Amino acid sequence: MRTLTSVLLITLFCISACQDISHGLQRRKFEYLYKLNNFGTIFREYTGDVVYYRDLELYRTRLGKLYADVNGFETVPGYEKSFALKESFLDAIETNTTAVTNMLMKQGVYGANIRNEIEVIRMREISSEFLKEVDDEIVKVGKE
């Protein structure tokens, strides 16, 4: 009887300890995802602020700072998706930076208001797609 009780107690302890470990990892995942979400929201806001041609230089400067900040993020050990999301974010920033650089090189092509230019629309889509990717992952982690 004592052996059975001991086995049950050990089993319960292991189960609760595993749950604590799991909740700790889940908490770190959420912290990381919400940090990405906050910076992704900033990325989307910066992109939405591009209305006039004169906004492009400021946007490129902001993207440079944002890239440095995101590149400094520590990924979550044991959570491979954290690395993939970070890379996805950096790629999105690089894509938008390249688009801005190309637009700045063609300054005579655009009018003063560039809000409806295909390049600017695509930059807004890229920032929104990244946020959707993060939101989808937050839902997945919440179901773990």
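Just above sits the structure.
Residues numbered from 1 in each chain as written. Predicted model: local features only at pLDDT ≥ 70, side-chain atom pairs only at ≥ 80, totals over all residues. Heavy atoms only, no water.

A look at the overall build of the protein
Defined as follows: By the criteria applied, helices consist of DSSP H or I runs no shorter than four residues and strands consist of E runs no shorter than two, each listed in order from the N terminus. Three exposure classes are used, based on accessible area relative to the maximum for each residue type with a 1.4 Å probe and protein chains only: buried under 20%, partly exposed in between, and exposed over 50%. Whether two residues are in contact is decided by their heavy atoms: any pair within 4.5 Å suffices. For the area figures, the Shrake-Rupley method with a 1.4 Å probe applies, and any residue is considered shielded solely by the protein chains shown.
Within the protein, the regular secondary structure consists of four helices and zero strands. Its helices and strands in sequence order give the protein the pattern α-α-α-α, from N to C terminus. Out of the 144 residues belonging to the protein, those deemed buried represent 31%. Put simply, 76% of the contacts in the protein that link residues at least 6 apart link residues at least 24 apart. Total accessible area computed for the protein in this model is approximately 9000 Å², and 58% of it derives from carbon and sulfur atoms.

Points about the nonpolar core
What counts here: In this text, buried Ala, Val, Leu, Ile, Met, Phe, Trp, Tyr and Cys residues form a nonpolar core when linked through side-chain atoms within 4.5 Å.
Within the largest apolar cluster, 32 residues are counted, with the highest numbers of intra-cluster contacts made by Leu36, Phe43, Leu56, Phe89 and Ile114. Elements with a contribution of two residues or more to this core: helix H1 (2–48), helix H2 (55–71), helix H3 (80–105) and helix H4 (118–142). Among the elements that make up this core, the one with the highest residue count is H3 (nine residues). Filtering out sequence-adjacent residues up to four positions away, Phe89 remains in contact with Leu36, Phe39, Gly40, Phe43, Leu66, Val70 and Phe130.

Some thoughts on the side chain of Gln26
Quick reminder of the rule: Think of a polar contact as two N or O atoms within 3.5 Å of one another; within protein, one of them needs to be a possible hydrogen donor and the other a possible acceptor, and neighboring residues in sequence only count if both atoms come from side chains.
Here Gln26 lies in helix H1. Looking at Gln26, its side chain comes within polar contact range of the main-chain oxygen of Val141, at 2.7 Å. With sequence-adjacent residues up to four places away left out, Gln26 is seen in contact with Val141, Gly142 and Glu144.

Quick notes on the pattern of salt bridges
For clarity, the cut-off: Put simply, a salt bridge is a Lys or Arg side-chain nitrogen that is within 4 Å of an Asp or Glu carboxyl oxygen.
All told, the structure shown has eight salt bridges when counted by the stated rule. Across the pair Asp69 and Lys65 runs a salt bridge whose closest N-O atoms are separated by 2.9 Å. A residue pair is termed a helical-turn pair when its members lie 3 or 4 positions apart in one helix, as Asp69 and Lys65 do in helix H2 at four residues. Take Asp69: its relative accessible area is 28%, and that puts it in the partly exposed class. Ionic pairing is found between Asp136 and Lys132, a salt bridge with its closest N-O pair at 3.1 Å. Linking Asp136 with Lys132, this pair stays in helix H4, spanning four residues, or about one helical turn. For Asp136, a relative accessible area of 36% puts it in the partly exposed group. Because the salt bridges share partners, they merge into one network encompassing Arg122, Glu125 and Glu129.

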